[in-house]
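Secondary and tertiary structure notes
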Amino acid sequence: MSKHTQNILTILMLGVVIASSTLIVSLWLFPQQEQYPVLAILGENQQAGDYPTNVTQYDNITLYTEVRNLMGIVQYFYVRVKLATNTTMANSTHPSSATTLYEREHILGHGQTWTFPVQLNMTTPGINLRLTFELWRYDLFTEDKIYTGVWVHLPLNVTAS
Amino acid sequence: MTHKPVHLIIVSLILVFILSIGPTKSLAIAGFGTDATEAQQAINKAQDAINSAFGYMVEADLAGAEISDFVVSLNDAIEILTHAQAAFNASNFTSATELADDAKNAAELVGQQAQSRLLETRINAAIQALITISIFVVVVAVTYLLITRWREQKRKREQSLMQMEIHLPNQEDKGETDE
């Protein structure tokens, strides 16, 4: 092997070592963080707590919903509110099969939070109901709204008037 | 042949009936339906424009561009579209169409701006990459030259050392010196 080739190989090896060590150090310093959205229900005073549990039919209730985007990229979110029962409850893979009572949409950049009021008139009486808030997002690949698997619910009894 | 006039009369009566009832009814439906259809089409177009603008925004965000102003503008367009949908639900089709058109225009503007910023960001990234590669190439070239020069000098030094005549003091010289 000539000296010229040896020189080139040495420099190439040096480049590879520098590049790989830079990559390792950057991965160590800035580890990949888990990406997820946050959905929360707040009471009438915009704080966690004081949630209505027993209401009379046709009562108006006001709640606040908070959505936080920690997905690492801008997202187009939809919040759907449904009045579910034990048989129509949402889970992390399937949304509730109950009818949507209310829907709002908003675009959030990474790290942004969106808080908005939800006013509902409880027309359907029942016990052990679940006022369910589901988080959906617009998917660019399917060009449709998809369920994020994130949901929260409030147990609610609606007494017939 | 005798049945022909009878047929003509029947056909004429049917035509008269259709012309007297049909057009009035269809026009009435058309009058209502056109507004509703137009409004629905305007809403759909506005939604498509919002989705499209969102797509460009995602691309710009992924490229590392600043998009917070687009987020605000596109949320405004969404809000206008929500009002358009509310007007549509209230059968106020003219207002729904106008609002949907406003939402569409706002979303299209965001889409165009996001595209421009995406392009700008990509050009900047390409320039940065070019500068980085150039610096790397220069560093490698300088290192190569330095190593080559150093080896050359080392080789010359070794050669000159090999060519040097070594004069060791012999025994006689040593004796003379001792005396």
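Residues numbered from 1 in each chain as written. Chains lettered and ligands numbered in written order. Predicted model: local features only at pLDDT ≥ 70, side-chain atom pairs only at ≥ 80, totals over all residues. Heavy atoms only, no water.

Observations regarding the interface of chain B and chain A
Note: interface size is frequently given as the accessible area lost on complex formation between the parts. Put simply, the rule reads: Only heavy atoms enter the contact rule, under which two residues are in contact if any of them lie within 4.5 Å. Note: buried area is the sum, over both parts, of the accessible area (probe 1.4 Å) each one loses when the two are combined. Throughout this description, the term salt bridge denotes a Lys or Arg side-chain nitrogen within 4 Å of a carboxyl oxygen of Asp or Glu. As used in this structure description, the phrase polar contact means that two N or O atoms lie within 3.5 Å; if the pair is within protein, one of them must be able to donate a hydrogen and the other to accept it, and residues adjacent in sequence are counted only when both atoms belong to side chains.
With 21 residues of chain B in contact, the opposing surface of chain A contributes 19 residues. A combined buried area of about 1800 Å² lies between chain B and chain A, and 67% of that area is made up of carbon and sulfur atoms. It is B:F54, B:Y144 and B:R151 that lose the most area in chain B upon contact with chain A, and together they represent 31% of the buried surface on that side. With a closest N to O distance of 3.8 Å, A:R104 and B:E79 form a salt bridge. On inspection of chain B and its partner chain A, the count reaches 4 residue pairs in polar contact (both at pLDDT 80 or more).

Some thoughts on the side chain of A:S96
Residues and elements named next belong to chain A. Rules: Segments assigned H or I by DSSP are reported as helices when at least four residues long, segments assigned E as strands when at least two residues long, and all are numbered from the N terminus. Between buried and exposed lies partly exposed: a residue is buried under 20% and exposed over 50% of the maximum accessible area for its type, with that area taken using a 1.4 Å probe on protein chains only.
The topology assignment puts S96 in the loop between β4 (75-84) and β5 (100-108). A relative accessible area of 4% means that S96 is categorised as buried. Of the polar contacts made by the side chain of S96, one reaches the backbone oxygen of T88; its length is 2.6 Å. Discounting residues that sit within four places of it in the chain, S96 has contacts with K82, A84, T88, M89, A90 and E134.

Some remarks on the packing of aromatic side chains
Definition in use: Here a pair means two rings of Phe, Tyr or Trp (six-membered ring of Trp) with centres within 6.5 Å. Their orientation is stacked below 30 degrees between planes, edge-to-face above 60, and tilted elsewhere. Here, over-ring charges are defined by two tests on the NZ atom of lysine or the CZ atom of arginine: distance to the ring centre within 6 Å, and angle to the ring normal within 35 degrees.
On inspection of all chains with the given rule, the structure shows 7 aromatic pairs over all chains. Centroid distance A:Y76 to A:Y78: 4.9 Å. Interplanar angle 20°. Geometry classified as stacked. Taking relative accessible area as the criterion, A:Y78 reaches 2% and is therefore assigned buried. Members of the aromatic cluster, connected to one another through ring pairs, are A:Y76, A:Y78, A:Y138 and B:F54. Above the plane of the ring of A:W136 lies A:R80, whose end atom (NZ or CZ) is 4.1 Å from the centre.

Structural notes on the sheet that holds strand β2 (residues 54-56) of chain A
Just so we agree on the cut-off: Whether two strands pair comes down to DSSP finding at least two bridges between them. Note on definitions: angles span 0 to 180 degrees between N-to-C directions of axes, and those axes are lines fitted to C-alpha atoms, for helices only across the stretch in contact.
If you trace the 5 strands from one edge of the open sheet to the other, you get β2-β8-β7-β4-β5 (chain A), paired in mixed fashion. Strands with a single pairing partner mark the edges of an open sheet, and in this sheet they are β2 and β5 of chain A. Pairwise comparison of adjacent strand axes, ignoring direction, gives a mean angle of 30° for this sheet. The sheet contact formed by β2(A) and strand β8 (residues 144-159) of chain A spans 3 bridges and is parallel. Following the sheet pairing, A:N54 is matched in β8(A) by A:N157. Helix α2 (residues 68-89) of chain B contacts β4 and β5 of chain A of the sheet and is inclined by roughly 155° relative to β5(A).

Some remarks on the sheet that holds strand β1 (residues 36-42) of chain A
All names here are of chain A. If you walk across this open sheet you meet the 3 strands as β1-β3-β6, and the pairing is antiparallel. Of all the strands in the sheet, just β1 and β6 (113-121) have a single pairing partner and so form its edges. Sheet twist, expressed as the average angle between the axes of neighbouring strands with direction ignored, equals 20°. The pairing of β1 with strand β3 (residues 60-70) spans 7 bridges and is classified as antiparallel.

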